Structures are given as structure tokens and as C-alpha cells.
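Examination of the molecular architecture
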Amino acid sequence: MEVIIRPDKEKATDLVAKIIAKAVQHKPGLVLGLATGNTMEPLYAELAAIHRDEKLDFSLCRTFNLDEYVGLKAEHRNSYRHYMNEHLFSKINIDIRNTHLPSGTARDLDSECEKYEQKIKECGGIDLQLLGIGKSGHIGFNEPLSAFFSRTRVKALTPTTIAQNSPLFEKPEDMPKRAITMGVGTILDAKRIVTLVLGKAKSEILAKAVEGPVTSMVSASALQLHPKCVVITDEE
């Protein structure tokens, strides 16, 4: 694991955008694993700007998102499909048919998870996986005690995660209590991982993830086991 500390949030975000842009330029058919959340919004805005100003071509890229809430339709304003369409997909020249998220409204959720894993395999695996880290140390929705060999599955969300995400809902009590998420094992299968962690509020959990013991209590600590993982953060 490599840790790169940049002076501030803007410079850290800019570096991640440049890494992704360079990867797309090097391999136009890149398979990207994508994340959501407040940390990613400026990053996606930067990628959209590089596409607009420097003609970065996403037309052959394929994407797989980490997770989706169970029970939310794609058009729901709090679904991750809606988030991705709003913050990135609508602003670049990607073929929307090549953008994949698990369906939180599938009749058979277990079957949906298996199909998602199969789609990733059919694309040759994820070339570059983008991650953030949650306050409980989760990557995706792999809450504490998630198995390191876990695959895409339905997970119950912890009170910490619900408290962190529910204010984003018009009615916080309407936030789903379950989500479909790539497993820790699915994430570790990516050929390369870039993790963006920003702000003083994440400093303690980041230290546990990169300096502490590898433990299922902090899912992000599993990234220490990956041969090509870089963590980019700010001085805070």
C-alpha cells in the first residue's frame, strides 16, 4: 500500500482525477469501479471538466458501482444510479448501457448479486477501483465483521452508517436499512485500487485502515493486502 499526502482536499482530488484520466487514456476500454458520496462529487466534477476541456474519451469505458440501496428505484433521488447519472454519466460521453449498478428493486436479490458478479467477470474484471472509506472503516457497504473473501451480497447497515447517510434523505427515517454491495473479496480482485480519503473527521479511521492491524472490524484494513493500492489523502 502506498499513501500519498497532498496539502489540501483540492490537490488530493485533482491527483485522483489525473490518475483516472491517465488510466482511461492508456486503456480506452477501461473497466472502472466507482464509488459515491460527498467526497466523490468534486472528483466527478473534475473528470467531467477534463472530458470537456481536454476531450477525455469515455465512450468505450465500462463501469461498475460498489453498491445500491435495497428498495430504491433507479429514478429515486437518493439512489446511487441517480447520483451517478447526475454527477458523472450525464456529463461525459459514456454509453449509459455500459454503466452498471446492482438493482435494489430486483425480485430475487441473491440472484441479482450473482448476476452482478458474473457481469464483472464477463468484462474481464475491474481494472481500476475507486474507493472512499466510511466512518466505521467500511468500503462499499462492507460493515465491520465483513469477511475478506465476501462477494456481492445484501448487507444490513449499521447505526453508524445510517446516521452518516440518513441526513441526505428528505425524510431521514426513509433511508433503507439494507444495501447490495460488492464484497471485500470482489473489491480486492480489482487490478488496481485508488482510495480517496479527505478531512479531519476521517483521520482516525484512516490511521486504523493503513497503519493498524488487518482486521474484519475495519474492512478498509483489507486494502493493506492488495499489491497495487494507493491511498490519497490531505494533510488534515
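What comes next concerns the included structure. Just so it is clear, the structure is predicted and the values come from calculations on it, not from any experiment. (Residues numbered from 1 in each chain as written. Predicted model: local features only at pLDDT ≥ 70, side-chain atom pairs only at ≥ 80, totals over all residues. Heavy atoms only, no water.)

**A short note on the side chain of Thr 63**
Note that Thr 63 resides in strand 3 (residues 62-65). Once residues within four sequence positions are removed from consideration, Thr 63 is found in contact with Leu 32, Leu 34, Phe 89, Ile 94, Asn 98, Thr 99 and His 100. (Helix = DSSP H or I, 4+ residues; strand = E, 2+ residues; numbered from the N terminus. Contact = heavy atoms within 4.5 Å.)

**Re the pattern of salt bridges**
Following the criterion strictly, the structure yields eight salt bridges and no others. The salt bridge partner of Asp 8 is Lys 11, with a shortest N-O separation of 3.8 Å. Of the charged contacts in the structure, one is a salt bridge between Lys 27 and Asp 127, with a shortest N-O distance of 3.1 Å. Here Asp 127 lies in the loop between helix 4 (109-122) and strand 6 (128-131) and Lys 27 lies in the loop between helix 1 (9-26) and strand 2 (31-34), a separation of 100 residues in the sequence. Beyond isolated ion pairs, a larger network of salt bridges with shared partners links Lys 27, Asp 127 and Lys 191. (Salt bridge = Lys/Arg side-chain N within 4 Å of Asp/Glu carboxyl O.)

**Examining the environment of Ser 203**
Along the polypeptide, Ser 203 turns up in helix 7 (residues 203-211). With 29 residues separating them along the chain, Ser 203 and Asp 174 place their C-alpha atoms 30 Å apart.

**Regarding the sheet that holds strand 9 (residues 193-197)**
In space, the seven strands of this open sheet follow the order 1-10-9-6-2-3-5, with parallel pairing throughout. Where the open sheet ends on each side, the last strands, each with one partner, are strand 1 (2-6) and strand 5 (99-100). As paired elements, strand 1 and strand 10 (residues 229-234) share five bridges and run parallel to each other. Within the sheet, the bridge partner assigned to Ile 4 lies in strand 10 and is Ile 232. The strands touched by helix 4 within the sheet are strand 3 and strand 5, with strand 3 carrying the most contacts at an inclination of about 150°. (Pairing = 2+ DSSP bridges. Axes fitted to C-alpha atoms, helices over the stretch in contact; angles between N-to-C directions.)

**Things to note about the packing of helix 2 (residues 40-54) against helix 3 (residues 80-87)**
What describes two packed helices is the angle between their axes and the distance between those same axes. Put simply, helix 2 and helix 3 touch, their axes get as near as 10 Å, and they point 40° apart. The angle between helix 2 and helix 3 places the two elements in the oblique class. Here Met 40, Glu 41 and Tyr 44 of helix 2 lie close against helix 3, whose contacting residues are Tyr 83, Met 84 and His 87. (Parallel < 35°, antiparallel > 145°, perpendicular 65-115°, else oblique.)

**Re the packing of aromatic side chains**
For the coordinates displayed, the defined rule picks out six aromatic pairs. Summarising the aromatic geometry, the rings of Tyr 80 and Phe 141 are spaced 6.3 Å apart at their centres and angled 25° between planes, so their arrangement reads as stacked. Placement of the pair is Tyr 80 in helix 3 and Phe 141 in the loop between strand 6 and strand 7 (153-156), with a sequence separation of 61 residues. The two residues Tyr 80 and Phe 141 agree in class, both being buried. An aromatic cluster of three or more residues is present, and its members are Tyr 69, Tyr 80, Phe 141 and Phe 169. (Phe/Tyr/Trp six-rings, centres within 6.5 Å; stacked < 30°, edge-to-face > 60°. Buried < 20%, exposed > 50% of the residue type's maximum accessible area, 1.4 Å probe, protein only.)

Any functional reading would require information beyond the geometric quantities listed.
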